[in-house]
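Each chain is listed here by its residues.
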Amino acid sequence: QVQLQESGPGLVKPSQTLSLTCTVSGGSITTNYYYWSWIRQPPGKGLEWMGAIGYSGSTYYSPSLKSRTSISRDTSKDQFTLQLSSVIPEDTAVYYCARVTVVAGWGEYDYWGQGTQVTVSS
């Protein structure tokens, strides 16, 4: 059974860089053909896909966030990391990591982390 766990600081000051790590257990982040995503949910709003890193290391980003977003991975630890630079208070949200698998021609989020609250405030 695959499990995902987010970790990182819960409070980040404006203009700084938010950094979160997702640790995967029960599976390898290099296994064909899975993709590993970051999604966030601001208070009172819907889910927003931020980006993903694939089994081969390719990265994909939301157009609205790509200028500030970087996703990387450490295959030896089965971890992938989100970095969001120049944060503003509107970046306050619950941040999730999740696995995506392609099923019948579309991506399915089959495993999720529990989410971690990140607050941007001075």
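Described in the following lines is the structure provided in the data block.

**Digging into the pairing of strand S11 (residues 116–120)**
Moving on, step 1. Across the two faces of S11 the burial differs, with Thr116, Val118 and Val120 buried and Gln117 and Thr119 not buried at all.
Moving on, step 2. Pairing geometry for strand S2 (residues 11–12) and S11, over 2 bridges, is parallel. Across the sheet, Val12 pairs through a bridge with Val120, a residue of S11.
Moving on, step 3. Inspection of the sheet shows strand S9 (residues 93–103) paired to S11 by 3 bridges, in the antiparallel sense.

**Section: the environment of Asp78**
Moving on, step 1. Mapped onto the elements of the fold, Asp78 is located in the loop between strand S7 (69–74) and strand S8 (79–84).
Moving on, step 2. Take Asp78: its relative accessible area is 17%, and that puts it in the buried class.
Moving on, step 3. Separated by 53 residues in the primary sequence, Asp78 and Ser25 have C-alpha atoms spaced 7.4 Å apart.
Moving on, step 4. Dropping the residues within four chain positions of it, Asp78 is found in contact with Cys22, Thr23, Val24, Gly27, Ser28 and Ile29.

**Some remarks on the sheet that holds S7**
Moving on, step 1. Spatial ordering of the open sheet is given by S1-S3-S8-S7, a layout of 4 strands whose pairing is antiparallel. In the strand order of this sheet, the two ends are held by strand S1 (3–7) and S7, each with one partner. In this sheet, adjacent strand axes meet at a mean angle of 20° when their direction is disregarded.
Moving on, step 2. Where strand S3 (residues 18–25) and S8 come together, 6 bridges link them in antiparallel fashion. The partner of Ser19 across the bridge, within S8, is Gln83.

Rules of the game
- Residues numbered from 1 in each chain as written.
- Predicted model: local features only at pLDDT ≥ 70, side-chain atom pairs only at ≥ 80, totals over all residues.
- Heavy atoms only, no water.
- Buried < 20%, exposed > 50% of the residue type's maximum accessible area, 1.4 Å probe, protein only.
- Helix = DSSP H or I, 4+ residues; strand = E, 2+ residues; numbered from the N terminus.
- Pairing = 2+ DSSP bridges.
- Contact = heavy atoms within 4.5 Å.
- Axes fitted to C-alpha atoms, helices over the stretch in contact; angles between N-to-C directions.

In short, shape yes, function no, at least from these values alone.
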